[in-house]
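# Fold and contact review
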Amino acid sequence: MAVEASAPGKLFLIGEYAVLAGAPALLTAVDRRVHVRATPSPDARWRLTAANLGIRDLDLGADLQPPPEFDAATRSKLVVFEAVRAHSAAALGTRLTAQHVTIDSRDFAQDGHKLGLGSSAAVAAALTAALSQASGESLDKGALAMRAIAAHRTAQNGRGSGGDVAAAVYGGLISYTRDHTPIPLTWPADLAAYALVTGTGASTPDLVERVADYGNRAPDAHARYMADLRALADAVVGSLNDTRSFLTLAADYFAALCRLDAAAGAGIVTPQHFQLADLAAKHGGVFKTSGAGGGDVGLVFAQRGDGEKRLHAALEQAGARVVDLDFGAAGVACRTPQSPG
């Protein structure tokens, strides 16, 4: 029988980069979802359709290795799929049989540009869940997250924190420390947050690698900047009890990221980010980058009330593009649809 699975996107609210050094990160799942369908293959050959990647009914063969004739561009599009398939095969053995897989990630782009909501992490979570259920396995969220994180980390050459996958699996608002079970949190009632389009997309692995390269060039300075980020990240959960404290911490975290970026020359913070930060500050709000930064979405935080309404109006008047997102979305879901009739 076919299996359908879905998983949400995510936003790093605070703790990006510091999470790679063992600090906790605050993340929320958002209501943009990846949808995966796995159907047993009648001819024992794996096939993949991922329209957003320009892949339609791609024949992957009968074994667990992509055909050698695939070019580099095709192989790069398959990296998350192949990592999930390999980790699933290692866990499931012969129970994992060939599937026709369809992946739909259209919700993670706007006007043809990716938003930086963690589509690859959501694919890793949903595809891992689908292949597990299709093989007759019953995974709890902890085991599912471990397998999906391991696969996604393989696809990112070992650099990923796993926070984006954890948000996709567990959903809601979480505090996540690398390789630990996330802590579920409650969104503060008087905290408003918006996601803004700030560019045309950025490569998370590239940005992370540039910061890592800076660490190799200037280890002492890099360590000082990371220590500043870690100290702020450690205080995030406590700050949620008081929105003003959280806003101050968010502003301080963005300032610390700006200092790191100025030294590393990584491209985390762009001129548009500085403009949005100035605009938000004039109306009592706080802007910061989200996740790796660059051209992906940014965040604006504010205390609910008349000031927040004026801030929202000012953002729209300035032409800032607010992404229609609900925060705290449900985590991975999996089902076996009933056959017609």
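The sections below set out a description of the structure shown in this document. (Residues numbered from 1 in each chain as written. Predicted model: local features only at pLDDT ≥ 70, side-chain atom pairs only at ≥ 80, totals over all residues. Heavy atoms only, no water.)

## Quick look at the sheet that holds strand β13 (residues 321–323)
Let me state the cut-off plainly: Only strands joined by at least two bridges in the DSSP assignment are considered to pair. Only DSSP runs of H or I reaching four residues or more are called helices, and only runs of E reaching two or more are called strands; each is numbered from the N terminus. Axes here mean lines fitted to C-alpha atoms, for a helix over just the part in contact, with angles spanning 0 to 180 degrees between N-to-C directions.
Ordered in space as β11-β12-β10-β13, the four strands form an open sheet in which the pairing is antiparallel. Looking at which strands have only one partner, the edges of the open sheet turn out to be β11 (286–289) and β13. Across the sheet, the axes of successive neighbouring strands diverge by a mean angle of 40°, strand direction being ignored. As judged from the four bridges shared by β11 and strand β12 (residues 298–303), these two strands associate in the antiparallel manner. Residue V286 lies in a different strand from β12, and its bridge partner there is F301.

## Here's the deal with the pattern of salt bridges
Opposite charge on two side chains permits pairing when their charged atoms draw close. Let me state the cut-off plainly: Every case where a carboxyl oxygen of Asp or Glu lies within 4 Å of a side-chain nitrogen of Lys or Arg is listed as a salt bridge. A simple rule labels every residue: compare its accessible area, found with a 1.4 Å probe on the protein chains alone, to the largest value its type can have, and call it buried under 20%, exposed over 50%, or partly exposed in between.
Evaluation of the coordinates by the stated rule reveals 13 salt bridges. We note a salt bridge from D57 to R47, for which the minimum N-O separation is 3.9 Å. Residue D57 is located in strand β4 (residues 55–61), and its partner R47 is located in strand β3 (residues 46–50); the two are separated by 10 residues in the primary sequence. Classification of R47 by relative accessible area gives buried; the value is 17%. For R153, the salt bridge goes to D179, with nearest N and O atoms at 3.1 Å. Of this pair, R153 sits in helix α4 (residues 141–155) while D179 sits in the loop between β8 (173–176) and β9 (183–185); the two residues are 26 residues apart in sequence, bridging distant segments of the chain. Under the relative-accessibility criterion, R153 is labelled buried at 15%. D179 gets classed as exposed once you look at its relative accessible area, which sits at 54%. In this structure, a network of salt bridges that share partners links the residues D43, R45, R47, D57 and D59.

## Re helix α2 (residues 79–92)
Given 3.6 residues to a turn, an α-helix orients residues that are three or four positions apart in the same direction. In plain terms, the rule: What a helix is expected to span follows from its residue count: subtract one and scale by 1.5 Å.
Here α2 contains 14 residues, and its C-alpha end-to-end distance of 20 Å stays within 8% of the 20 Å for a straight helix at 1.5 Å per residue. Along α2, the residues classified as buried are V80, F81, E82, A83, V84, R85, S88, A89 and L92. With its phi angle positive at about 60°, G93 sits one or two positions after the end of α2.

## Looking at the environment of G112
Assignment of secondary structure puts G112 in the loop between β6 (109–110) and β7 (113–114). The exposed category is assigned to G112, whose relative accessible area is 71%. It is 32 Å that separates the C-alpha atoms of G112 and R45, two residues lying 67 residues apart in sequence.

## Re the packing of α4 against helix α5 (residues 163–170)
Note the threshold: For any pair of crossing helices, the crossing counts as left-handed if the nearer helix is rotated counterclockwise from the farther one by less than a right angle, and right-handed if it is rotated clockwise. Residue contacts follow a heavy-atom distance rule, with two residues in contact if any of their heavy atoms lie within 4.5 Å. Under the scheme applied here, ten amino acids are nonpolar (Ala, Val, Leu, Ile, Met, Phe, Trp, Tyr, Cys and Pro), four are charged (Asp, Glu, Lys and Arg), and all others, including Gly, are polar.
Where α4 meets α5, the axes come as close as 9 Å, and the angle between the chain directions of the two elements is 145°. Crossing handedness for the pair α4 and α5: right-handed. Here K141, G142, L144, A145, A148, I149 and H152 of α4 come into contact with α5, specifically with D164, V165, A166, V169 and Y170. A per-class count over the contact of α4 with α5 returns eight nonpolar, two polar and two charged.

## Remarks on the packing of aromatic side chains
Any two aromatic rings considered together are summarised by their centre-to-centre distance and by the angle between their planes. So the rule is basically this: Between rings of Phe, Tyr and Trp, where Trp is taken as its six-membered ring, a pair exists when centres lie within 6.5 Å; planes separated by under 30 degrees are stacked, by over 60 edge-to-face, and by other angles tilted. Here, a charge over a ring means that NZ of Lys or CZ of Arg falls within 6 Å of the ring centre while also lying within 35 degrees of the ring normal.
Going through the model one piece at a time under the given rule, you end up with five aromatic pairs. Ring centres 5.1 Å apart and planes at 90° place the aromatic pair F246 and F301 in the edge-to-face group. Here F246 is found in helix α9 (residues 243–264), whereas its partner F301 is found in strand β12, with 55 residues between them in sequence. Here F246 falls in the buried class, since its relative accessible area comes to 2%. Accessibility expressed as a relative area gives 0% for F301, which makes it buried. When the ring centre of W46 is taken as origin, the NZ or CZ atom of R85, which lies over that ring, is 5.0 Å away.

## Focus: the packing of helix α6 (residues 204–217) against α9
Counted only if it meets this: In what follows, roughly perpendicular refers to angles from 65 to 115 degrees, roughly parallel to angles under 35, roughly antiparallel to angles over 145, and oblique to any angle outside these ranges.
Two elements in contact, α6 and α9, have axes separated by 10 Å at closest approach and are oriented at 70°. One finds that α6 runs roughly perpendicular with respect to α9. Where α6 crosses over α9, the handedness of that crossing is left-handed. Here α6 contributes V211, Y214 and R217 to the contact with α9, which in turn contributes L260, A263 and A264. A per-class count over the contact of α6 with α9 returns five nonpolar, no polar and one charged.

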